[in-house]
Each structure stands twice: as C-alpha cells, then as structure tokens.
Amino acid sequence: MSDFFDFEADFVDSLRCIPMQVRLKLDTCGVKLKLAHWHQLSDEDRHQLVCLPCSTSQESHFYREWLQTLLKEKTGAPAGELPVDERPPWNNEASIASEVQSKAAEFNVAIAAQQWAELTPLQRFALIKLSRPSHENRNFYPALREFKLIMAETKP
C-alpha cells in the first residue's frame, strides 16, 4: 500500500513527516513511533515502512519486529508500544467516530452514514487522527474535501 493523500503533498516527496498510511500500520502493529525516531531513519528505511504490508496478523508481527530491530540499530532503543485495538473504529463502516462528527460540525459539515461507509479504512483512519485535539488538525478540512464529504468550493 503506498497511497498518499493530497493533503500530505507538502511532505510526501521528502517523507519528513510520518504519512497516514504508516501511522495506520503503526497503530495496527502497536508501535509508538515518534517523529524524532522517524527523522533518524534513512530515506530507504522510511520508504520500506511505507511499502511493507501490515494487514494480516503475520504481516503486522513482521512489521513490528522489523521496525523495532531497525530502531534499536539506529537509535539504540526500540520505540514505545501501543495497545492494539482488535476492533479499531476506522474498520467500523456502520458507526461514525464521535470525534470525527464533532470536528466536522465545527465546519458545519454533517457526514452521512453512507458517506462514512463508502470511505476506505485508511480514509476513516485519517479523519479520526486529524480530528483528535492532540493532533495538529489543520488538514482535517482539506481531508473532508479530498474525500468528497463536502463540495470543493465550500469554505470553513
């Protein structure tokens, strides 16, 4: 999987930030990779993290082990660990995450259940991440537009 979003365009070429597809993989395999760790990785390492699959439990285990080994080599210590949600909200097509609904409401946007269901898990993951108060969420509105949840000419 190497799907980058348009709202990530300002850093995709350099991979100076962790793209959403890698963030999804990190949550899937339970690794808390900090941006400081990311910056210590080579371009090749970052591209590997983008390209390596992490969908099945076997892939997730390999991704985790490979990344933690890589971090030990590069930084001297593994990354922190995250609990792995067996039923993550981005895989739930039937229920819109409450933080996404709240953040969308700030822009006078209501996401319909059908619209949510039609999004890919990666798109739902991105909206969930971008709607959290702890995340720099300047890309939430561009993501709504990119995912065709609002009209392009609508302004916040």
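As the structure is a computational prediction, the values presented were derived from the model and not from experiment.

Caption draft 1: Seen up close, helix H6 (residues 98-106). Turning to H6, its buried residues are Val100, Lys103 and Ala104. Around the axis of H6, the buried residues are gathered within 100 degrees of arc, so they sit on the same side. Check the buried side of H6 and you find it contacts helix H7 (113-118), helix H8 (121-131) and helix H9 (140-146). At the exit of H6 stands Asn108, carrying a positive phi of roughly 60 degrees.

Caption draft 2: Quick look at the pattern of salt bridges. The final tally for this structure, using the stated rule, is seven salt bridges. Asp45 is paired through a salt bridge with Lys74; the nearest N and O atoms lie 3.1 Å apart. A residue pair is termed long-range when its members are at least 10 positions apart, and Asp45 in helix H4 (residues 43-51) and Lys74 in helix H5 (residues 57-75) qualify at 29 residues. Overlapping salt bridges bring together Asp10, Arg16 and Arg138 as one network.

Caption draft 3: Molecular detail of the packing of aromatic side chains. What the rule picks out here adds up to six aromatic pairs. Centre to centre, the rings of Phe5 and Phe7 are 5.1 Å apart; their planes meet at 15 degrees, and the pair counts as stacked. Residue Phe5 is classed as buried on the basis of its relative accessible area of 8%. Each ring, one from Phe107 and one from Tyr141, has its centre 5.1 Å from the other, and the planes form 40 degrees; the classification is tilted. Taken together, the positions of Phe107 in the loop between H6 and H7 and Tyr141 in helix H9 put the pair 34 residues apart, joining distant regions of the chain. The class of Tyr141 is buried, set by a relative accessible area of 5%. Members of the aromatic cluster, each reached through a chain of ring pairs, are Phe5, Phe7 and Phe147.

Caption draft 4: Looking closely at the confidence of the model for the chain. Here the chain shows a mean pLDDT of 91. Residues at 70 or above account for 92%. Element-level mean pLDDT values for the chain span from 83 in helix H1 (residues 9-12) up to 98 in strand E1 (residues 31-32).

Caption draft 5: Up close: the nonpolar core. Within the largest apolar cluster, 27 residues are counted, with the highest numbers of intra-cluster contacts made by Val100, Ile111, Trp116, Leu127, Leu144 and Phe147. Among the elements of the structure, helix H2 (20-29), H6, H8 and H9 are those that each provide at least two residues to this core. Of all the elements, H8 adds the most residues to this core, at six residues. Sequence-distant contacts of Trp116, that is, excluding residues within four places in its chain, are made with Pro89, Asn92, Glu93, Ser95, Ile96, Ala97, Val100, Ile111, Arg124, Leu127 and Ile128. Within the second largest apolar cluster, 18 residues are counted, among which are Leu15, Leu41, Leu52 and Tyr63.

Definitions and limits used
- Per-chain numbering applies: the sequence of each chain, read as written, is numbered from 1 onward.
- In view of the model being predicted, local features appear only for residues whose pLDDT reaches at least 70, and side-chain atom pairs are presented and counted only at 80 or more, with totals across whole chains, interfaces and linings using the full set of residues.
- The basis for the side-chain values is all heavy atoms of the structure; hydrogens and waters are excluded.
- Three exposure classes are used, based on accessible area relative to the maximum for each residue type with a 1.4 Å probe and protein chains only: buried under 20%, partly exposed in between, and exposed over 50%.
- Numbering of helices and strands runs from the N terminus; a helix is a DSSP stretch of H or I covering at least four residues, while a strand is a stretch of E covering at least two.
- This arc is taken over the directions from the axis of the helix to the C-beta atoms.
- Whether two residues touch is decided by their heavy atoms; if any such pair falls within 4.5 Å, the residues are in contact.
- Salt bridges are defined as contacts in which a side-chain nitrogen from Lys or Arg sits within 4 Å of a carboxyl oxygen from Asp or Glu.
- The rule is short: rings of Phe, Tyr and Trp, with Trp giving its six-membered ring, pair when the centres are within 6.5 Å, and they are stacked under 30 degrees, edge-to-face over 60, tilted in between.
- The predictor's confidence in any single residue is recorded as pLDDT, a number from 0 to 100.
- Throughout, nonpolar core names a set of buried Ala, Val, Leu, Ile, Met, Phe, Trp, Tyr and Cys residues whose side chains join them through atoms within 4.5 Å.

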